[in-house]
Amino acid sequence: MKTAEPVRRGSGDAPTHPGLLGRPLDFISEDHLRERQICALIDAIALAAHLDRLSALTVLRFLNEELNVHLRDEAEDLFPLLAKRCTAEDCIESAINRIRIDQNEALRLLPDVRATLADCLDAGSDLSAEGRAMLTSFAGHVRRHLVAENAILLPIARARLTRADLARLSAHMRARRGLTQLSETPNAE
């Protein structure tokens, strides 16, 4: 009998490996680790005397290529599945509403965060005090919703979602990324 290999936690330094899409809650958890790493990078950019171009490019790539699809995974699939499966005692709607408040505030700031970083990169300039404050605020909102998702939503999802729910979530997440078949992680990894 073949035993499953232990899952190693990623560093958050790169996009989440598509091989985890077969375990959508683990994939979302890894995406959260990636978001936390990006928030740390945003904080470092905001505190630095001079703009680190590579860090700013890394953040922009994340914001432009990864964040939207992750938020859609949650808003279009995870949140509705939780609302469907949870009991009244789970108070899931209240938790989701709290998370959405911080997500919405981060999304409100997102165009300005992108523009500020892009403008600094284009001009070869450093961040203004206003730009630094905006980046810090953005990272704070992202962190707050991550804490609630990791502490409340994911544990409840692991307890309440059915195998069929997880298969559906996985299929939608793969489709959202343009992947038609489940990508398997090679045994060598």
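Residues numbered from 1 in each chain as written. Predicted model: local features only at pLDDT ≥ 70, side-chain atom pairs only at ≥ 80, totals over all residues. Heavy atoms only, no water.

With that settled, the discussion passes to the overall build of the chain. Looking only at helices and strands, one finds six helices and zero strands in the chain. Seen in sequence order, the chain has helices and strands lined up from the N terminus as α-α-α-α-α-α. When burial is assessed residue by residue, the chain has 42% of its 189 residues classed as buried. For the chain, the exposed surface amounts to about 10300 Å²; the carbon and sulfur share of it is 54%. (Helix = DSSP H or I, 4+ residues; strand = E, 2+ residues; numbered from the N terminus. Buried < 20%, exposed > 50% of the residue type's maximum accessible area, 1.4 Å probe, protein only. Areas by Shrake-Rupley, 256 points an atom, 1.4 Å probe, with all protein chains shown as cover.)

Counting 27 residues, the largest nonpolar core has Leu51, Leu63, Val113, Leu117, Leu135 and Phe138 as its most contacted members. Residue assignment for this core shows that the elements contributing at least two residues are helix 1 (24–47), helix 2 (53–65), helix 3 (67–85), helix 4 (92–123) and helix 5 (129–160). Examining the composition of this core, we find that seven residues originate from one element, helix 4, more than from any other. Beyond its immediate stretch of four places on either side in the chain, Leu51 contacts Ile45, Ala56, Leu117, Cys120, Leu121, Ser125, Asp126 and Leu127. (Core = buried A, V, L, I, M, F, W, Y, C linked by side-chain atoms within 4.5 Å. Contact = heavy atoms within 4.5 Å.)

This next bit is on the packing of helix 1 against helix 6 (residues 163–176). The interhelical angle for the contact between helix 1 and helix 6, taken along N-to-C directions, is 55°, at an axis separation of 9 Å. Put simply, helix 1 runs oblique to helix 6. Two secondary-structure elements touch here, helix 1 through Pro24, Leu25, Phe27 and Ile28 and helix 6 through Leu166, Leu169, Ser170 and Met173. Grouping the constituent residues of the contact of helix 1 with helix 6 by class yields seven nonpolar, one polar and no charged. (Axes fitted to C-alpha atoms, helices over the stretch in contact; angles between N-to-C directions. Parallel < 35°, antiparallel > 145°, perpendicular 65-115°, else oblique. Nonpolar A, V, L, I, M, F, W, Y, C, P; charged D, E, K, R; others polar.)

With that out of the way, let us pick up helix 4. Given a rise of 1.5 Å per residue, 32 residues ought to cover 46 Å, and the 46 Å separating the end C-alpha atoms of helix 4 matches this to within 8%. Along helix 4, the helix axis deviates most sharply at Leu110, where the bend reaches about 40°; the proline Pro111 sits within four residues downstream. Downstream of helix 4 by a residue or two, Gly124 has a phi angle that is positive, lying close to 70°. (Expected span 1.5 Å × (residues − 1). Bend = angle between axes of the 7 residues up to and from the residue.)

This paragraph deals with the state of the cysteines. Inspection of the entire model under this criterion finds zero disulfides. You can see Cys86 has no disulfide; the closest cysteine sulfur is in Cys91, sitting 10.0 Å from it. (Disulfide = S-S within 2.5 Å.)

Once that is clear, we can look at helix 5. Under the 1.5 Å per step criterion, the end-to-end length of helix 5 is 45 Å for 32 residues, consistent within 8% with the ideal 46 Å. At Glu149, helix 5 shows its largest bend, some 40°.

Turning our eyes to something else, we now look at the pattern of salt bridges. With the rule as written, the count across this model stands at 14 salt bridges. The shortest N-O distance in the salt bridge between Asp73 and Arg177 comes to 2.5 Å. In this pair, Asp73 sits in helix 3 while Arg177 sits in the segment after helix 6, placing the two residues 104 residues apart along the sequence. The exposure class assigned to Asp73 is buried, which follows from its relative accessible area of 0%. Judged by relative accessible area, Arg177 falls into the partly exposed class, the value being 23%. The salt bridge partner of Arg176 is Asp77, with a shortest N-O separation of 2.5 Å. In this pair, Arg176 is assigned in helix 6 and Asp77 in helix 3, connecting sequence segments 99 residues apart. Accessibility classification places Arg176 together with Asp77 in one group, the buried group. (Salt bridge = Lys/Arg side-chain N within 4 Å of Asp/Glu carboxyl O.)

A separate point is the side chain of Gln103. Within the secondary structure, Gln103 sits in helix 4. A distance of 2.8 Å separates a polar atom in the side chain of Gln103 from a polar atom in the side chain of Glu74. Each residue touching Gln103, except ones within four places of it in the same chain, is listed here: Leu71, Glu74, Phe79, His145 and Glu149. (Polar contact = N/O pair within 3.5 Å; in protein donor to acceptor, adjacent residues only side chain to side chain.)

With that settled, the discussion passes to the packing of helix 3 against helix 5. The relative placement of two packed helices is expressed as an angle between their axes plus a distance between the axes. Look at helix 3 against helix 5: their axes get within 12 Å of each other, and the N-to-C directions meet at 40°. Overall, the two elements helix 3 and helix 5 adopt an arrangement that is oblique. Here helix 3 and helix 5 pass one another in a crossing that is left-handed. Packed against helix 3, whose contacting residues are Leu67, His70, Leu71, Glu74, Leu78, Phe79, Leu82 and Arg85, the element helix 5 presents Phe138, His145, Glu149, Leu153, Ile156, Ala157 and Arg160 at the interface. (Left-handed = near helix turned anticlockwise from the far one by under 90°.)

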